[in-house]
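# Summary of structural features
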Amino acid sequence: MENLSKSYTTGIFKKQQFKAVDDVTFTIAPGETLGLVGESGCGKSTLARAILRLITPSKGRVFFKGRDVAAAGTRELNKIRGKMQIIFQHPETALNPRLRIYDSITEPMRIQNVVSDRAEERERVSALLEQVGLYEEHLTRYPHELSGGQIQRVVLARILSLHPEFIVADEPTSMLDVSVQAQVLNIFKEIQQKYDISYLFISHDLEVVRWMSDCMAVMYKGRIVEIGPTEEVYQNPQHPYTTLLVDAFISFNNSQNESTEIVMSHEIRPEGCRYAPFCSAASAACDEVPELKEVTRGHYAACRHV
Amino acid sequence: MASAAVAVERNLTFIQLKKNKLAIIGLLIISLLVIVAVFAPVLAPHHPYEQDLDRVMMAPCSEYPFGTDDFGRCILSRIIFGTRISLAIGLIVTAISAVAGIILGMLAGFYGGVIDEVIMRIVDIFLAFPGLILALVIAGLLGPGMFNVLFALALVGWMGYARVVRGAVLAEKEKSFVETAMSLGASDLYIMCRHLLPNVIAPVIVMATLGIGHTILAAAGLSFLGLGAQPPIPVWGSMLNDGKQYLQTAPYMTIFPGLAIMITVLSFNFLGDGLRDIFDPRLKEKSIE
Amino acid sequence: MALLSIRNLTTVFHAEEGEIKACDQVSMDIPAGKTIGLIGETGCGKSVLGMSILRLLPRNAVIRGEIYYKDQDVLKMNGDQLQRLRGNEIALLPQSPSTSLNPVLKIGFQIAEGLHLHRKTKWEQAWEKAVEMLDFLKLPEPEKRVQEYPHQLSGGMKQRALAAASITGNPSLLIADEPTKGLDAVLRAQVVGVLRQLARETGAAMLLITHDLKVAASLCDQIAVMYAGEILEQGAAEQVLKDPVHPYTKGLLASLPEHGLHPIPGYSPSLLDVPAGCKFHQRCSLARDLCAEKCPPLQIINGVQVRCFFGDQSGEPQQELHNRDLQEAAV
């Protein structure tokens, strides 16, 4: 049983002793998708980058196939770089505007010296195009000539060129239209099934996470407040914040509901439960940081009142 | 609103066309100047050093279309040959300043930290001196000669490029494609050359084009003050200096070199402005809602 | 009589690359006090439609057709009339509060400015009224907030401030241009709340331009679906969203995650190069030869206006309706 990724991470921004990511732990099995939900500013992007060592975590470890990525040296890192990759939210900045699509797709292969000659390179590119639903004519174009959805496909092609085993998707479709999102996400699922890739799928859209993920984690101000099998967490939320999210989320089916008044602030309480100031169920017990407790099999929540 | 942005962009193209006319005129004139510089020996009616002491300070006539100077030399020929020097100074100085500025700006922006601080403080120190005066001092200290003028002007010209490039690099560095390349193990040099440089070069091109104009003007100024190439080498600035005492009697000695300087500098300015307009709107996003 | 009545609106941009037909023969009505949703994806021309109503388009745009606001044709108004119209009668709630609010002016000033300009309120009173309006929109501690700058406020608060600024003229019609674009779920819920409150308590009509079907579902009485510059389907919100007729609308709904994320094949056409005939035919499973040749007129099927020959799935192309019938059927 190969645990693909297991991370204990704590990240601290030097200047203000501000913990963007605080004591996060989870595991993703091969071929599995973990969905990560949270609002803007909760630290999910920082977590994504820390996992891939794009930034260095201040504390903790990230195990990829048994090796600690967080502490690895540069040479070791470069070997696994291709296997753990990331796709970002904004298509506009995902590609070098001066490079043609062909060059953008082949760049990862060239950097890692994976292909030996042009012919082989060309072949690979053709195969990749097919995987992501693009055509030869797109190869000679520049990024500004492509739509958002097409750019995300190009990014996927780039990623696939190195045969990844783990992909972090940081809100990959938030900037795309509904029908385009459907196209792109279907491609995500296809390649996952084909290549047995694991995903960390970050999104603020609960429904998308629900469709994409096997397990779901909810993040609030740097901490994971609930985690478990997706349907379980969705139907049976334990943490008050999760409940708020599920209710506030305008699902298509219950569209006429009155939205809850949520007044959020950027301040963070250093000690204790970070959600307590907004929580209706808060009590004195909440002055201590709540740990993740198992509620039902595989389903954990971090709240004193569970 | 994005659609309005697009439509505004289309509108800018309309304005662009108007301004572009100036840019095209500038480009044409510059091309002409280059031809003149290259084919100077063929185009000039006389040798620039040739003195015709019988016909000193003659007004323009058929044999000497721009007249002669105080040594009987043909002003037109001197201006034609002077084009070589002016363009050469403009191009060489700007090239050196730009390259130095790009390198320093790139390093400062990419690495940040101590390197950034050190480079930026050096920039600040240089910027604390008025450019032309500093160039004057340096050239004065080094003595006469064109090479010294080149050196002095290059030394005071690089800061602007460094700042602009640093700023642009800071912005581009944050974009995902750079982050991705870094995460795949690309070397710093690769990232700087392949990803950053092409995307920060646009403002540099505009600056450089305008910079050539400024440099020519500055060189003319320094030459006017006696620095730079010594007679009989024809330099527009020193021709102005030579002619200034005869302003009443032989105004053509100053008018023609002055015009040459003005037209040259204006052309580069027009071209630079046109380039700036072309680069700016195109960099904005194109999308219609 | 509807508050705003758009008839055969065609907006074309003359650009270097060619003609961009952002709106093509668009007709719709906005009754007083109702919220109409204009949904469509990027590049369909919906924002241009909103801007056309206020004539906030650049010089190279040509608008043809009629836009009747309270029986006056907006397109025939002169500069003064237009200025009185904007802000006072029809107001715009722009996208992205971060860029729509001036970062160097206090929030209070930006709201008071509107009051001063539109309602000729004196400055001191305008500031007080600004506090009232922020309170009305449920912004906590409004007296404190009016003295702050935009960067000191959170996203939700900025949205409310912007909303307050846009209703200073007491408009009868509010055009909300993509109010939830790029916002996360929590913020989106807040914005929807603000908009709902605005519509309900000021009694203004609202044209909600959005690509987010769920937001439209929560707020709108009627919905119009736009594609490549044309309205493809238009009718009561319930009807259009629960039981759509046009294949595109059906496709859009099917591509929602709740309904299985079934994609619509192909790409939306660029407005520079719109397909002949029915604009959607290249991506449509019901398409036949007729669809590639002729553009389907608006018809009434199942109580909604639809632009499709085969909308009722009868296999027979429908007849064109006369204007009279259309007006009668207009909700």
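Before reading further, recall that the structure is shown in the block above.
Structure report, in brief. It should be emphasised that the depicted structure is a prediction, and the values quoted were computed from it without experimental measurement. (Residues numbered from 1 in each chain as written. Chains lettered and ligands numbered in written order. Predicted model: local features only at pLDDT ≥ 70, side-chain atom pairs only at ≥ 80, totals over all residues.)

Let us now look at the overall build of chain B. The number of helices and strands found in chain B is 10 helices and zero strands. Traced from its N-terminal end to its C-terminal end, chain B shows the element sequence α-α-α-α-α-α-α-α-α-α. For chain B, the proportion of its 289 residues judged to be buried stands at 44%. Contacts in chain B between residues at least 24 apart in sequence constitute 72% of all its contacts with a sequence separation of at least 6. (Helix = DSSP H or I, 4+ residues; strand = E, 2+ residues; numbered from the N terminus. Buried ≥ 20, exposed ≤ 12 C-beta atoms within 10 Å, placed from the backbone. Contact = placed C-beta atoms within 7 Å.)

Bringing the sheet that holds strand 3 (residues 35-39) of chain C into the picture now. All names here are of chain C. What the eight strands build is an open sheet, ordered 6-7-8-3-9-10-12-11; its pairing is mixed. With partners counted over all chains shown, the strands left at the sheet margins are strand 6 (90-93) and strand 11 (299-301), one partner each. Neighbour-to-neighbour, the strand axes of this sheet turn through a mean angle of 20°, independent of strand direction. Relative to strand 12 (residues 304-306), strand 11 runs antiparallel, the two being bridged by three bridges. Bridged to I300 within strand 12 is Q305. (Pairing = 2+ DSSP bridges. Axes fitted to C-alpha atoms, helices over the stretch in contact; angles between N-to-C directions.)

Another point: the packing of helix 3 (residues 75-111) of chain B against helix 6 (residues 146-173) of chain B. Residues and elements named next belong to chain B. At their nearest, the axes of helix 3 and helix 6 sit 5 Å apart, and the two run at 40° to each other. The angle between helix 3 and helix 6 places the two elements in the oblique class. For the pair helix 3 and helix 6, the sense of crossing is right-handed. Residues that form the contact of helix 3 with helix 6 fall into these classes: 22 nonpolar, six polar and three charged. (Parallel < 35°, antiparallel > 145°, perpendicular 65-115°, else oblique. Left-handed = near helix turned anticlockwise from the far one by under 90°. Nonpolar A, V, L, I, M, F, W, Y, C, P; charged D, E, K, R; others polar.)

Before going further, it helps to spend a moment on the pairing of strand 9 (residues 222-227) of chain C. Here is the key point about a regular strand: its side chains alternate between the two faces of the sheet. Residues and elements named next belong to chain C. Burial analysis of strand 9 places six of its six residues in the buried class, which makes it a mostly covered element. The pairing of strand 3 with strand 9 spans four bridges and is classified as parallel. Bridge pairing in strand 9 links I39 to V225. Turn length for the strand 9-strand 10 (residues 230-236) hairpin, with the two strands adjacent in sequence and antiparallel, is two residues, and the turn residue A228 shows positive phi of about 50°.

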